[in-house]
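So the chains spell out like this:
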Amino acid sequence: MTIRKLLAASAVAAAILTGVGIDTARAPEASAVECVQSVSTWQAYNKCAGVPARHWDAIRNSASKYGNWASAGQWSKQTSCWANVVSFGYSLKA
């Protein structure tokens, strides 16, 4: 198993154990997983140069809620604290 695959698998396993989701429709490379930090139900910090990131909350029986697109060195934050959050994470802009 290559280091890249090992890091990606570790990041996904950690996300599952902590309740943090990663947008699997556009699953990031292992190096991109390390670029977004402090992911919580409220916000995510992007430290990836040239790759905007956006925080999201999946809401039970409702449409998902999205934060702003954040460039490197910025926070993507939700506009409100949502009830019934079942998972949260971030997406990287393709």
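Before any of the text, the structure's been laid out above.
Please read all numbers here as calculations on a predicted model, not as lab measurements. (Residues numbered from 1 in each chain as written. Predicted model: local features only at pLDDT ≥ 70, side-chain atom pairs only at ≥ 80, totals over all residues. Heavy atoms only, no water.)

Peer 1: Give me the overall build of the chain: which residues, what numbers.
Peer 2: Along the chain, the regular secondary structure elements total 2 helices and 7 strands. Going from N to C terminus, the chain has its helices and strands arranged as α-β-α-β-β-β-β-β-β. Relative to its full complement of 94 residues, the chain shows a buried share of 33%. For the chain, the exposed surface amounts to about 5,700 Å²; the carbon and sulfur share of it is 56%. (Helix = DSSP H or I, 4+ residues; strand = E, 2+ residues; numbered from the N terminus. Buried < 20%, exposed > 50% of the residue type's maximum accessible area, 1.4 Å probe, protein only. Areas by Shrake-Rupley, 256 points an atom, 1.4 Å probe, with all protein chains shown as cover.)

Peer 1: Tell me about the environment of A72, and name the residues and values.
Peer 2: Relative to the helices and strands, A72 resides in the loop between β5 (65–70) and β6 (74–77). Taking relative accessible area as the criterion, A72 reaches 37% and is therefore assigned partly exposed. Measuring from C-alpha to C-alpha, the distance between A72 and A49 comes to 5.0 Å, with 23 residues separating the pair along the chain. Among all residues touching A72, those that are not within four sequence positions of it are N46, K47, C48 and A49. (Contact = heavy atoms within 4.5 Å.)

Peer 1: With reference to specific residues and values, describe the sheet that holds strand β2 (residues 36–37).
Peer 2: Strand order in this open sheet of 3 strands is β2-β3-β6, and the pairing throughout is antiparallel. Strands at the two margins of the open sheet, each flanked by one partner only, are β2 and β6. By the bridge criterion, 2 bridges tie β2 to strand β3 (residues 43–46) in an arrangement that is antiparallel. By the bridge assignment, V36 is partnered in β3 with N46. (Pairing = 2+ DSSP bridges.)

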